[in-house]
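Descriptive structure summary
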Amino acid sequence: MLRIVVIVITYSVLAGAISLWCFLHSGTPGKDITIPSPILQYVEDAGGKGIVAELLVNAVVGAAVGAFSLNVRIALLCSAFAVLIDIDHTMWYLGFPVPGRPNHSFGFAVLAAVSMGLVFRNKSRFNARLFGIVIASFCAHLSADLFHGASLPLLMPFSAERISPPALSYVGFLATGILAAALSGIKSDRGKNGVEID
Ligand SMILES: [Zn+2]
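Cut-offs used in this document
Residues numbered from 1 in each chain as written. Predicted model: local features only at pLDDT ≥ 70, side-chain atom pairs only at ≥ 80, totals over all residues. Helix = DSSP H or I, 4+ residues; strand = E, 2+ residues; numbered from the N terminus. Buried ≥ 20, exposed ≤ 12 C-beta atoms within 10 Å, placed from the backbone. Contact = placed C-beta atoms within 7 Å. Expected span 1.5 Å × (residues − 1). pLDDT = per-residue confidence, 0-100. Core = buried A, V, L, I, M, F, W, Y, C linked by C-beta atoms within 7 Å. Axes fitted to C-alpha atoms, helices over the stretch in contact; angles between N-to-C directions. Parallel < 35°, antiparallel > 145°, perpendicular 65-115°, else oblique. Left-handed = near helix turned anticlockwise from the far one by under 90°. Nonpolar A, V, L, I, M, F, W, Y, C, P; charged D, E, K, R; others polar.

For the rest of this paragraph, the subject is the overall build of the protein chain. When helices and strands are counted, the protein chain shows eight helices and zero strands. Counted from the first residue to the last, the protein chain has its helices and strands arranged as α-α-α-α-α-α-α-α. Residue burial in the protein chain is summarised as follows: out of 198 residues, 41% are buried. Contacts in the protein chain between residues far apart in sequence, at least 24 positions, make up 74% of those at least 6 positions apart.

Written out as structure tokens, the structure is:
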């Protein structure tokens, strides 16, 4: 269990660092600057309730997608990672004039998944299982966001432009997430091949 806590903390730091890096290298930020409201004002208005609901939805969808691994630990990690993707909102809440949501991009998914696989490699073997969990949680999170029609900067850090994928694209993300979670679960059955997460 301690290892899961370490994995979650590492993912938080990584997600924060990647979003910071994206903020600093986000192409033409002038195109998509969001003028932030101060954090207190945000919490006081209706949006304050919105963020709590969004976190809950991400936790539930992340856990549901992770459950296809048939592994409780993977479902828990998937849920935690799905929530933590929104750590990219932090700077916006703190009042920095940054383009929103760099963690909602394919670049983030690949960087985070590869980094986690490398950091938690086991006996110099890449942690493919953790790689799959990060991809599954990313797909779960994006399917929830796209379900209610969000437009996201999918190509960050190359472009900060928000993209609105076709209406039913959330189904594709959901299916990909479920597949990634299921594959992560299969890996766990092989057990001693260096892909254990704890
Ligand atoms: Zn989101």
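Structurally, Y170 is set in helix 8 (residues 169–189). Among the residues examined, Y170 registers 20 C-beta atoms within 10 Å and is labelled buried. A sequence separation of 26 residues divides Y170 from A144, and the C-alpha atoms of the two residues are 7.2 Å apart. With sequence-adjacent residues up to four places away left out, Y170 is seen in contact with S143, L146 and F147.

With 13 residues, helix 4 (residues 72–84) extends 18 Å between its outermost C-alpha atoms, agreeing within 8% with the 18 Å of an ideal straight helix rising 1.5 Å per residue. Within helix 4, ten of the 13 residues are buried, leaving the element largely enclosed by the surrounding structure. Every buried residue of helix 4 is accounted for by I74, A75, L77, C78, S79, A80, F81, A82, V83 and L84.

The end-to-end C-alpha distance of helix 6 (residues 106–119), which contains 14 residues, comes to 20 Å, matching closely the 20 Å that a straight helix rising 1.5 Å per residue would cover. Here helix 6 has its buried residues at F108, A109, L111, A112, A113, M116 and G117.

Right, let's get into the confidence of the model for the protein chain. On average, residues of the protein chain carry a pLDDT of 79, and 74% of them reach 70 or more. Predicted confidence is poor over residues 27–46, with pLDDT under 50, and the contacts of this stretch with residues over four places away or in other chains come to 31 contacts.

Ranked by size, the top nonpolar core spans 43 residues in total, and within it C78, F81, A112, V134, I135, A136 and C139 carry the most contacts. The set of elements that each furnish at least two residues to this core consists of helix 1 (2–24), helix 3 (46–66), helix 4, helix 6, helix 7 (128–147) and helix 8. The biggest single contributor to this core is helix 7, with twelve residues. Aside from chain neighbours lying at most four places away, what touches C78 is G62, A63, V65, G66, I133, A136, S137, A140 and A181.

The next thing to look at is unusual backbone geometry. The backbone phi angle of L70 is positive, close to 60 degrees, even though this residue is not glycine. For L70, a count of 14 C-beta atoms within 10 Å puts it in the partly exposed group. With a phi close to 60 degrees, S124 is a non-glycine residue in the positive phi region. Positionally, S124 belongs in the loop between helix 6 and helix 7.

Let us look at the packing of helix 6 against helix 7. Running from amino to carboxyl end, helix 6 crosses helix 7 at an angle of 155 degrees, the nearest separation of the two axes being 8 Å. With respect to helix 7, the element helix 6 is oriented roughly antiparallel. Helix 6 and helix 7 meet at a crossing whose hand is right-handed. Facing A109, A112, A113, V114, M116 and G117 of helix 6, the residues of helix 7 in contact are A128, L130, F131, V134, I135 and F138. In the contact of helix 6 with helix 7, the residues fall into eleven nonpolar, one polar and no charged.

Structurally, S12 is set in helix 1. Spatially, the C-alpha atom of S12 lies 8.2 Å from that of I85, the residues being 73 residues apart in sequence. When residues no more than four places from it in sequence are discounted, the contact partners of S12 are L84 and I87.

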